[in-house]
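Overview (structure and organization)
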Amino acid sequence: MIATMNPADLGSMGLIADDPFISDDPVGMPSLSNALYGFDPSGLANRIFRLLKRYIGATDDDLKMLTLWIMHTWVFASLYTTPRLLVTSILPGAGKTTLLEWIGHLGAKSEMLSAISSASLLANLADQGYTLLVDEADRSLRKDNPLAADFIAVVNTGYKKGGSRTIQEPDKKHGWKVVRKSTHAPAVFAGNNPDLPADTRQRCIPVFLYPSDEVEESDWEMIEEDDAEYLDLRHDLPIWAETAASAIKPRPTLPESVKGRYREVWLPLARIAQTQSGDWLDTVRRLSAEFVEQAKTDADLGLANDSPHIVLLKDIAELWATQWRTCTFVGSQQMCDALAYGNPTQWGDQQPGGFRRLTTKRLASMLKKAGVEASRNRERTKRGYRFTAFAQAWKTLKIWEALKLEPPTPDTGMDADADASDGSDTSDASIGSTLEGISANVSKNDSESERLEHWAATLSTTADIPDWTALSAAQLHAIRKVKHTGLWLNKTTTELNRRGITV
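Please read all numbers here as calculations on a predicted model, not as lab measurements. (Residues numbered from 1 in each chain as written. Predicted model: local features only at pLDDT ≥ 70, side-chain atom pairs only at ≥ 80, totals over all residues. Heavy atoms only, no water.)

Here the focus is the environment of I152. Relative to the elements of secondary structure, I152 occurs in helix α7 (residues 148–157). In this structure I152 comes out as buried when scored by relative accessible area, which is 11%. Remark: the alpha-carbon pair of I152 and L141, spanning eleven residues in sequence, is separated by 8.4 Å. For I152, the contacting residues outside a window of four places in its chain are L141, L196, P197 and T200. (Helix = DSSP H or I, 4+ residues; strand = E, 2+ residues; numbered from the N terminus. Buried < 20%, exposed > 50% of the residue type's maximum accessible area, 1.4 Å probe, protein only. Contact = heavy atoms within 4.5 Å.)

Here it is, written out as structure tokens:
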């Protein structure tokens, strides 16, 4: 029999017990005769852990979590959620593919996917209850892979029981028929920090692997013939799965901080852990609390993998706090240029996957989905965005708290409808004052060229330059680097050629 915990002890551990579906009764595997079954069901986790430790280079905590996750693949149909597993390492030869092989051999039926071929194939595999093992996820799930979105859709909907996807299948009588497939199935991503969407990553439990000379080589020809521990587990796991349904039904309590989606991720493993002898349930409680704390720390440090829409709102807020503090309105093109310069890997020419520089149309589409509507300046000569249009989105998403910046307070009265660069003052003095303003917001460590590029990013149209002959060659080159399109290139090329400078 497994050790059990008195519910009265839960309060001293900071655990909640106010959920009507949570059992306060001691839980454990039903008393089963070793003579009848030939093994102790409550000792399976310890046996899997010992076997994995021989072949996988990872911490004991990660190996224990892997043990429970492998067991959950046998009974996931009886669980409300199936947490995703993210296997990663920054080091080559850490054993990511080897771990997938072990999950495939010890878990319930599975399919190894090194490439995504079709959405219908994925839906069919999930519908049949296969565990989806995605190797080299950093390549197969790249944003420029048109099938990556289909796979993510299958994985996200299949996270909870009842998830499904509608696909078309050939039909002898009607050519094609619409079929609804269940997508509820376990899934593993393995790769070098794959670029998963934020909502997918939140459903994942991470496992970090490292190369180790202390683990044995996974020679499957030998293992499948001679490794008694492995062969015994392959025999016993299906039997355990047949008897585990009633034992995993009670909901063990988790730490108070583990709620919402965090609880959905960790509760399945806790349900498995409560059927096992030893400290398995206490380990899940500790790891789940640490998981939540780490997620909060990552968010505070800006390491959370935000969606592009949230990144856009954050970047615009930062620009408004540093470059446009007194402005109530910023033109669309000026905003795109400033974003592309300030975050080139997200909005500029350095984006992965061949994505092009942010356009005003894409900007408008993304902001509209965040509830931010475009408008015109007071003179109705330019399209762009008012500071007040972002207020609700910034407040709801707590953008200023995340950035740790004081929000600007431009005068939003009608008489103060100032544009970040509206052309109302195009004198040489205004260009000089703009440069002085930019200098105040640029780090002291920034070079002169970086200061000029910041200035160039504030320009909205070529009309903002009253006298191109008055610009220095450095200013002209800064404009070419930041703008590098259309009339900007024509104007700067003409002026530089006039001075005998070939570009």
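There is more to say after this.
Attention now goes to helix α11 (residues 261–273). For α11, which comprises 13 residues, the first-to-last C-alpha distance of 19 Å matches the rise-based estimate of 18 Å (1.5 Å per residue) to within 8%. Maximal helix bending in α11 amounts to about 35 degrees, located at L267; proline P268 follows within four positions. Residues of α11 that are buried: V265, W266, L267, P268, L269, A270, R271, I272 and A273. (Expected span 1.5 Å × (residues − 1). Bend = angle between axes of the 7 residues up to and from the residue.)

To continue, consider the pattern of salt bridges. Counting across every chain of the model gives 16 salt bridges. For the salt bridge of E136 with R139, the shortest nitrogen-to-oxygen distance reads 3.8 Å. With a relative accessible area of 36%, E136 lands in the partly exposed category. Across the pair D337 and K483 runs a salt bridge, and its minimum N-O distance is 2.4 Å. With D337 in helix α14 (residues 332–342) and K483 in the loop between α21 (473–482) and α22 (486–498), this pair connects stretches of sequence that are 146 residues apart. Considered together, D337 and K483 belong to a single accessibility category, that of buried residues. (Salt bridge = Lys/Arg side-chain N within 4 Å of Asp/Glu carboxyl O.)

In the contact formed by α21 and α22, the axes pass within 9 Å of each other and the chain directions differ by 155 degrees. Here α22 runs roughly antiparallel to α21, going by the angle between their axes. Where α21 crosses over α22, the two elements pack in a sense that is left-handed. Only W488, L489, T492, T493, E495 and L496 of α22 make contact with α21, whose side of the interface consists of A473, L476, H477, I479 and R480. In terms of residue class, the contact of α21 with α22 is built from six nonpolar, three polar and two charged. (Axes fitted to C-alpha atoms, helices over the stretch in contact; angles between N-to-C directions. Parallel < 35°, antiparallel > 145°, perpendicular 65-115°, else oblique. Left-handed = near helix turned anticlockwise from the far one by under 90°. Nonpolar A, V, L, I, M, F, W, Y, C, P; charged D, E, K, R; others polar.)

One broad rule of soluble globular proteins: the nonpolar side chains tend to lie buried together. Among the nonpolar cores identified, the biggest contains 58 residues, and L52, I56, L85, W102, L106 and W266 are the most heavily contacted of them. Setting aside its immediate chain neighbours within four residues, I56 contacts L63, T98, L99, W102, L209 and V215. Within the second largest apolar cluster, 42 residues are counted, among which are L312, M335, Y385 and W488. (Core = buried A, V, L, I, M, F, W, Y, C linked by side-chain atoms within 4.5 Å.)

Our next topic: a nonpolar patch on the surface. Nonpolar side chains collect at one region of the surface, where L91, F208 and Y210 lie side by side and expose about 250 Å² of accessible area between them. By the secondary structure assignment, F208 is in strand β7 (residues 204–208). (Patch = residues over 30% accessible without salt bridge, like charges linked within 9 Å, V, L, I, M, F, W, Y side chains within 5 Å. Areas by Shrake-Rupley, 256 points an atom, 1.4 Å probe, with all protein chains shown as cover.)

Okay, the confidence of the model for the chain next. Of all residues in the chain, 82% attain a pLDDT of 70 or more, and the chain-wide mean is 81. Considering only residues more than four positions removed or in separate chains, one finds that residues 1–33, a stretch of pLDDT under 50, has 60 contacts. Under a pLDDT of 50 for its full length, residues 421–445 has, in the predicted model, 37 contacts with residues more than four places off or in other chains. (pLDDT = per-residue confidence, 0-100.)

In this section: the sheet that holds strand β9 (residues 375–376). Read across the open sheet, the three strands follow the order β8-β10-β9; overall the sheet is antiparallel. Looking at which strands have only one partner, the edges of the open sheet turn out to be β8 (329–331) and β9. Pairing geometry for β9 and strand β10 (residues 383–386), over two bridges, is antiparallel. In the strand pairing of β10, S375 is matched with G384. (Pairing = 2+ DSSP bridges.)

Further remarks concern the sheet that holds strand β1 (residues 84–88). Strands sit in the order β2-β3-β6-β1-β7 across an open sheet of five strands; the sheet is parallel. Looking at the sheet topology across the chains shown, the edges are occupied by β2 (110–113) and β7. Here the average twist between neighbouring strands, direction ignored, is 15 degrees. Note: β2 against strand β3 (residues 131–134), four bridges, orientation parallel. Paired with M112 across the strands is L133, a residue of β3.

To continue, consider the environment of A321. By the secondary structure assignment, A321 is in helix α13 (residues 308–322). Between the C-alpha atoms of A321 and P408, which are 87 residues apart in sequence, the distance is 5.4 Å. Setting aside residues no more than four positions away along its own chain, A321 makes contact with W400, L405, E406 and P408.

Let's shift gears to the packing of aromatic side chains. Using the criterion set out here, one finds 17 aromatic pairs in the structure. Residues W102 and Y230 carry aromatic rings whose centres are separated by 6.0 Å and whose planes lie at 85 degrees to one another, so their mutual orientation is edge-to-face. With W102 in helix α4 (residues 96–106) and Y230 in helix α10 (residues 228–243), this residue pair connects regions lying 128 residues apart in the sequence. With respect to class, W102 is no different from Y230; both count as buried. Residues F151 and F189 carry aromatic rings whose centres are separated by 5.9 Å and whose planes lie at 85 degrees to one another, so their mutual orientation is edge-to-face. Note that F151 is positioned in helix α7 and F189 in strand β6 (residues 187–191), a separation of 38 residues in sequence. A relative accessible area of 0% means that F189 is categorised as buried. The aromatic ring of Y130 is capped on one face by K109, whose charged end is 4.9 Å from the ring centroid. (Phe/Tyr/Trp six-rings, centres within 6.5 Å; stacked < 30°, edge-to-face > 60°. Lys NZ or Arg CZ within 6 Å of the ring centre and 35° of its normal.)

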